[in-house]
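Listed below, chain by chain, are the residues.
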Amino acid sequence: MSTTTDAPTAPPEPAPRAQGGALRGVLLAVAAPVVAGVFALLVSSLALLASGNAPLEVYATMLEDGTELRSILITVNNAVPLYLAGVAVAIGFRMSLFNIGVEGQYSLAALLAASAGAAVELPLVLHLAFVLLVAVAVGAAWAGVAAVLKVTRGVSEVISTILLNVVAAGIAAYLLAEHLQERVEGSNNSRTPLLPDSAHFPTLDPLVRALGLEPPQGTRLGGFLVVAIAVGIGYWVLISRSRFGFEVKAAGTNPFAAMASGVDTRRTTVLTLLLSGGVAGLVGLAQVLGTSFSYGLSFTAGLGFTGIGVALLGRNSPVGIAFAALLFSFLERSSSTLQFIDVPTEIYVIMQGSIVLSVVVAYEAVRRVAATSAERAVRRATDRSPA
Amino acid sequence: MTAPAGPGPAAPGLVEPAAQAAPRRSPLGGWQRVVAVALGLLVLLSLVRVLSGADELTSSGTSGAALRLAVPIGLAALGGLWAERAGVVNIGLEGMLILGTWFGAYVGFEVGPWAGVLAGVAAGAVGGLLHAIATVTFGVDHVVSGVAINLLGGGVAQYLSQVAYADGQVPGAGPTQSAVVEPIADVSLPVLSSGPDLLGRLEDAGLFLLSDAAGLLGGLTRGVSLLTILAVLLVPLSFFVLWGTAFGLRLRSVGENPVAADSLGVPVYRLKYAAVVASGAFAGLGGAALVVGSIYREGQTAGRGFIGLAAVIFGNWRPGGLAAGAGLFGYADALQLRAGNAVRGLLLLVALLLVVVAVVQLLRRRLPMVVAALVVAAAFALWYAAVDTVPSQLVGFTPHIVTLVVLAVASQRLRPPAADGQPYRRGQQS
């Protein structure tokens, strides 16, 4: 399977060309996202035209609403779980491992962490740490099943994580219905018992106020953003500053060469999937610790699959994934206003899908162009200096 | 027959020496084996039915529902087979299935069920074409492209539902569901399953083994939709095309070694395109099969595209094997839907199957496996004895666990196409 990491496939440093090499490299690097963005806009415009709406009016409405403070706060809040899901997927991608099981890992982790958190009494910081720890452990353990199957029995993680998603959903539904739910008066939403105050993540509203802005009524900046940023920094350190990150890169790029130079690829496979699952375990916690304080039937689903798109769009880079998560979140938030001008809000799903598809195609095309031109430059250089 | 030069042409008996078991399985050659396994399963099922009193295990209702539920999974699996035999992994089957359900339901309501089937096929094929453009022409990683197509397919269906149904103009339809599509005609086997209905009478007679066989067969032959028959026929047809024609040989050669195929003048790109578009068409047909006689609902496919892929691997990239896999998923679904308490019988069935495995392993002198199988068998038997019902949430994923176990046990013996999932670029040998 080819790699999707940007490590081996990134447009190479501009080859030693006489003139215009650097400019060309920059152009190529910018070309892919621009081309993909234009293409995605084109597809969405076609979809809008087909349903009898004026694309420009729709985009203007989305921009206008999406840039209000309220929308910005909601966009950032919703980007946090997307970012975590994207990082979880990207950790696997770094080693050419497709963790499609983020979905199952985070739902199981959120359920068990919410229940465990409600069952104990601890002081504030400890309580939060406890819930985080449970979530990370559950997510890692669930990914660990796929890891063990892969290194001991050679089962592809693509298929095992897909199957484990269904199993996780079944187990979560069973546990919630039979063991962990608390009956709520006057509501048919079954959910786990509410977390006590000591497990409520503090909001970042003081920060917003410090910037001289007043959060609108009922909207707050969730504190879990801090965790996402910490995970992002940790991910950056891991991939670019640590020995393990180097081994993962090596093993993902060329397992045989890595093995020959002493990298234990089985160990890196297991650790990578455990890390990926651990981060995946955090995905649902922004909601558990910040807004719902429980896990219930109406818990947000599908973040794991969207996270794959976010990781692809962000090219597995800590900063890129952040932009991708914000873009996805922005599209979803700003399209919610479209119902007032009679445009289906679901247009954002088409936008997200076409962006991801065109981005991966564009990156691959640009990589090819860059690779051929680099090859040509090398050939020219070697021709010039005959041995 | 394409059996590699090995010892003797036919299986000497039921239990083969372990060393020869793997490479000699040709798709039809082991038919005696298949019959033997089927008969063995039937005996076990009947036994379990009598012991547990769960009549639904072998009733015609269950087997009929199992067939209906297996069809979309099996068609998705056929799609996976065609693509992967040409070396393209198609994770996007789920998205193509969704496209098939939406367009199948829309056209099916507006024009008629058969037109809906065609529309579903066409919509799935378009999804396949997209996948082919991304993976074959642009060389995008297959899983990446497939994931993107799943996102897109789901988005298109949701968006179109809003556009077409949200205004309430279509009777019975809403923002997340379509109107009811008329069913396609049913047929029954004359004499045996209709009219005198010999199988039905035998089923009601309550005889051990005979009534069980009659029940299972009756369900498979009574009131079967023409679309289901078409889907079932596509399995041997796929086998014939892929393994019996020059086209199929070339297509498979592309999935095994595209460089060598290209050097022999096989049009690698064109065949990959054909295979992936066909793959999408199969998935689209699977989607249409879900909605004909029913409606489109958001989230209706419920991961069947992924399960189809699992069935392909379960079946070792063979039509017969994937049909068995799809049947297993369908049967578990049917039991869960029809009779939750019959599922308790399944626990006993698993225990008995494991005892059989233990015996086989004993003959092969693999003591650790024998012990492991017996221990797990005992656990299942205890579970069976301890509970009255199995929670339905846990039953839903039985086939998934079974597939995981099969993969864990047999993945060393499975043989995917050699160049499966690898990007191919003409003139660049990697």
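Note that the structure is predicted; figures quoted are calculated from it, not measured.

1. Examining the overall build of chain A
Line of reasoning, step 1. Within chain A one finds 16 helices and zero strands.
Line of reasoning, step 2. In terms of C-alpha radius of gyration, chain A reaches 23 Å, essentially the compact-globule figure of 21 Å for 387 residues.
Line of reasoning, step 3. Within chain A, buried positions represent 52% of all 387 residues.
Line of reasoning, step 4. Summarising the internal contacts of chain A: among those between residues at least 6 apart in sequence, 76% fall at separations of at least 24.

2. Quick notes on the overall build of chain B
Line of reasoning, step 1. The helix and strand tally for chain B stands at 18 helices and two strands.
Line of reasoning, step 2. Taking 22 Å as the expected radius of gyration for a compact globule of 430 residues, we find that chain B reaches 23 Å, a close match to that expectation.
Line of reasoning, step 3. With respect to the three principal axes, the spread of C-alpha positions in chain B is 60 × 55 × 40 Å.
Line of reasoning, step 4. Here chain B holds 430 residues, and the buried ones make up 50% of them.
Line of reasoning, step 5. Contacts in chain B between residues at least 24 apart in sequence constitute 76% of all its contacts with a sequence separation of at least 6.
Line of reasoning, step 6. Carbon and sulfur atoms make up 68% of the accessible area of chain B, which amounts to about 18,500 Å² in all.

3. Here we look at the packing of aromatic side chains
Residues and elements named next belong to chain A.
Line of reasoning, step 1. A full pass over the atoms with the stated rule returns 12 aromatic pairs over all chains.
Line of reasoning, step 2. Centre to centre, the rings of phenylalanine 201 and phenylalanine 224 are 5.4 Å apart; their planes meet at 75°, and the pair counts as edge-to-face. A residue pair is termed long-range when its members are at least 10 positions apart, and phenylalanine 201 in the loop between helix 7 (157-180) and helix 8 (205-210) and phenylalanine 224 in helix 9 (residues 224-241) qualify at 23 residues. Across the pair, exposure class does not vary: phenylalanine 201 and phenylalanine 224 are buried alike.
Line of reasoning, step 3. Centre to centre, the rings of tyrosine 295 and phenylalanine 299 are 4.7 Å apart; their planes meet at 35°, and the pair counts as tilted. The burial state of tyrosine 295 is the same as that of phenylalanine 299; both residues are buried.
Line of reasoning, step 4. Over the face of the ring belonging to tyrosine 363 we find arginine 315, whose NZ or CZ atom lies 3.9 Å from the ring centre.

4. Here we look at the interface of chain B and chain A
Line of reasoning, step 1. Chain B puts 44 residues into the contact, and the matching count from chain A is 46 residues.
Line of reasoning, step 2. Its largest share of buried area at the contact with chain A, chain B owes to B:Leu151, B:Tyr159 and B:Leu404, together 18% of the area lost on that side.
Line of reasoning, step 3. Along the contact surface separating chain B from chain A lie zero salt bridges.
Line of reasoning, step 4. Mapped by element, the contributors of at least two residues to the side of chain B that touches chain A are helix 5 (113-137), helix 6 (142-165), helix 13 (304-314), helix 17 (392-395) and helix 18 (398-410) of chain B.
Line of reasoning, step 5. Taken together, the residues of the side of chain B that touches chain A sort by class into 29 nonpolar, 13 polar and two charged.

5. Some remarks on helix 9 (residues 226-244) of chain B
Residue and element names in this part refer to chain B.
Line of reasoning, step 1. Over its 19 residues, helix 9 runs 26 Å from end to end, which matches the ideal 27 Å to within 8%, given 1.5 Å per residue.
Line of reasoning, step 2. Taken as a whole, helix 9 carries its principal kink of about 30° at valine 235; the proline proline 236 stands between one and four residues after it.
Line of reasoning, step 3. The complete set of buried residues in helix 9 reads Leu227, Thr228, Ala231, Leu234, Val235, Ser238, Val241, Leu242 and Trp243.
Line of reasoning, step 4. Against the buried residues of helix 9 lie helix 3 (60-85), helix 5, strand 2 (224-225), helix 10 (246-256), helix 12 (268-291) and helix 14 (319-338).

6. Quick look at a positive patch on the surface
All names here are of chain A.
Line of reasoning, step 1. On the surface, a cluster of positive charge is contributed by Arg24, Arg376, Arg380 and Arg384.
Line of reasoning, step 2. A per-element tally of the positive patch places helix 16 (residues 347-384) first, with three residues.
Line of reasoning, step 3. By the secondary structure assignment, arginine 24 is in helix 2 (residues 21-50).

7. Considerations on the confidence of the model for chain A
Residues and elements named next belong to chain A.
Line of reasoning, step 1. Model confidence for chain A is summarised by a mean pLDDT of 85, while 93% of its residues fall at 70 or above.
Line of reasoning, step 2. Mean pLDDT in chain A bottoms out at helix 1 (residues 6-9), which sits at 40, and peaks at helix 5 (residues 102-119), which reaches 94.
Line of reasoning, step 3. Scored below 50 in pLDDT, residues 1-19 shows 41 contacts in the model against residues more than four places distant or in partner chains.

8. Structural notes on unusual backbone geometry
Line of reasoning, step 1. Phi is positive for A:Asp342, close to 65°, though the residue is something other than glycine.
Line of reasoning, step 2. Topologically, A:Asp342 is positioned in the loop between helix 15 (318-335) and helix 16.
Line of reasoning, step 3. Even without being a glycine, B:Asn316 presents a positive backbone phi close to 55°.
Line of reasoning, step 4. Position of B:Asn316 among the secondary structure elements: in the loop between helix 13 and helix 14.

9. Describing the environment of A:Leu42
Residue and element names in this part refer to chain A.
Line of reasoning, step 1. Note that leucine 42 resides in helix 2.
Line of reasoning, step 2. Taking the relative accessible area as the measure of exposure, leucine 42 reaches 52% and is therefore exposed.
Line of reasoning, step 3. Taking the C-alpha atoms as reference points, leucine 42 and threonine 382, separated by 340 residues in sequence, lie 43 Å from one another.

10. Considerations on a nonpolar patch on the surface
All names here are of chain B.
Line of reasoning, step 1. On the surface, a nonpolar cluster with roughly 490 Å² of combined accessible area is contributed by Trp114, Val187, Leu226, Ile229, Leu230 and Leu233.
Line of reasoning, step 2. When residues of the nonpolar patch are assigned to their parent elements, the largest contribution, four residues, is made by helix 9.
Line of reasoning, step 3. Within the fold, valine 187 resides in strand 1 (residues 186-187).

11. Here's the deal with the pattern of salt bridges
All names here are of chain A.
Line of reasoning, step 1. One pass over the full model with this rule turns up 11 salt bridges over all chains.
Line of reasoning, step 2. Across the pair aspartate 65 and arginine 333 runs a salt bridge whose closest N-O atoms are separated by 3.9 Å. Linking aspartate 65 in helix 3 (residues 55-66) with arginine 333 in helix 15, this pair joins segments that are 268 residues apart in sequence. The pair formed by aspartate 65 and arginine 333 is uniform in burial state, with each residue classed as buried.
Line of reasoning, step 3. With a closest N to O distance of 3.5 Å, glutamate 375 and arginine 379 form a salt bridge. Taken together, the positions of glutamate 375 and arginine 379, both in helix 16 and four residues apart, correspond to about one turn of that helix.

12. Let's talk about the side chain of A:Thr345
All names here are of chain A.
Line of reasoning, step 1. Note that threonine 345 resides in the loop between helix 15 and helix 16.
Line of reasoning, step 2. Within the structure, the side chain of threonine 345 is placed 3.3 Å from the side chain of glutamate 346, a separation counted as a polar contact.
Line of reasoning, step 3. Non-local contacts of threonine 345, meaning those with residues more than four positions away in its chain, are made with Ser335, Ser336 and Gln339.

13. As for the packing of helix 2 (residues 31-52) of chain B against helix 15 (residues 342-363) of chain B
All names here are of chain B.
Line of reasoning, step 1. Viewed as axis vectors pointing N to C, helix 2 and helix 15 meet at an angle of 135°, and their least axial separation amounts to 9 Å. Taken together, the axes of helix 2 and helix 15 are oblique relative to one another. Crossing hand, helix 2 versus helix 15: right-handed. Residues Leu41, Leu44, Leu45, Leu47, Val48, Leu51 and Ser52 of helix 2 form the contact with helix 15, whose participating residues are Gly345, Leu348, Leu349, Leu352, Leu353 and Val356.

14. Some remarks on the nonpolar core
Line of reasoning, step 1. With 158 residues, the main nonpolar core has A:Leu84, A:Phe224, A:Leu285, A:Leu289 and B:Ile91 as its most contacted residues.
Line of reasoning, step 2. Among the elements that make up this core, the one with the highest residue count is helix 16 of chain A (15 residues).
Line of reasoning, step 3. Those residues within four positions of A:Leu84 in sequence are excluded, and the remaining contacts are A:Phe224, A:Ala228, A:Val231, A:Val279, A:Leu282 and A:Val283.
Line of reasoning, step 4. Among the nonpolar cores identified, the runner-up in size contains 22 residues, and B:Leu335, B:Ala342, B:Leu347 and B:Val395 belong to it.

Rules and cut-offs
The numbers attached to residues start from 1 for each chain and follow its sequence in the written order. Chains carry letters from A onward and ligands carry numbers from 1 onward, assigned in written order. Under the rules for a predicted model, residues below a pLDDT of 70 receive no local features and side-chain atom pairs below 80 are neither given nor counted, while totals for whole chains, interfaces and linings still include all residues. Each side-chain value is derived from all of the structure's non-hydrogen atoms; neither hydrogens nor water enter the calculation. Numbering of helices and strands starts at the N terminus; helices are DSSP runs of H or I of at least 4 residues and strands are runs of E of at least 2. Throughout, radius of gyration means the C-alpha value; the globule benchmark is 2.2 Å times the number of residues raised to the power 0.38. Burial classes: relative accessible area under 20% of the type maximum marks a residue as buried, over 50% as exposed, and values in between as partly exposed (1.4 Å probe, protein chains only). In this description, contact between two residues means that some pair of their heavy atoms is separated by no more than 4.5 Å. Each accessible area is a Shrake-Rupley result for a 1.4 Å probe, and residues are judged covered by the shown protein chains and nothing else. Put simply, two rings from Phe, Tyr or Trp (the six-membered ring, in Trp's case) pair if the centres are within 6.5 Å, and we call them stacked under 30 degrees between planes, edge-to-face over 60, tilted for the rest. Lysine NZ or arginine CZ positioned within 6 Å of the ring centre and within 35 degrees of the ring normal marks a charge as sitting over the ring. For any pair of parts, buried area is found by adding up, for both, the accessible area (1.4 Å probe) each one loses once the two are put together. Salt bridges are identified by distance alone: a Lys or Arg side-chain nitrogen within 4 Å of an Asp or Glu carboxyl oxygen. In this count, Pro and Cys sit with the nonpolar residues alongside Ala, Val, Leu, Ile, Met, Phe, Trp and Tyr, while Asp, Glu, Lys and Arg are called charged and the others, Gly among them, polar. A helix is expected to span 1.5 Å for every residue after the first. Bend, at a single residue, is the angle you get between axes fitted to the 7 residues ending at that residue and the 7 residues starting at it. Residues forming no salt bridge and having over 30% relative accessible area are the ones grouped into patches, like charges within 9 Å of each other and nonpolar side chains (Val, Leu, Ile, Met, Phe, Trp, Tyr) within 5 Å. Positive residues here are Lys and Arg, negative ones are Asp and Glu, while His and the chain termini are left out of the count. Here the site of a charge means NZ on Lys, CZ on Arg, CG on Asp, or CD on Glu. How sure the predictor is of each residue is captured by pLDDT, a score from 0 to 100. Definition of a polar contact: a pair of N or O atoms within 3.5 Å, with one able to donate and the other able to accept a hydrogen when the atoms are protein atoms, and with sequence-neighbouring residues admitted only if both atoms are side-chain atoms. Angles shown run from 0 to 180 degrees and are taken between the N-to-C directions of axes, each axis being a line fitted to C-alpha atoms and, for helices, limited to the stretch in contact. Orientation is classified from the angle alone, with under 35 degrees giving roughly parallel, over 145 giving roughly antiparallel, 65 to 115 giving roughly perpendicular, and any other angle giving oblique. Left-handed describes a crossing whose near helix is turned anticlockwise from the far helix by less than a right angle; the clockwise case is right-handed. The criterion is simple. A nonpolar core is a set of buried Ala, Val, Leu, Ile, Met, Phe, Trp, Tyr and Cys residues joined through side-chain atoms within 4.5 Å.

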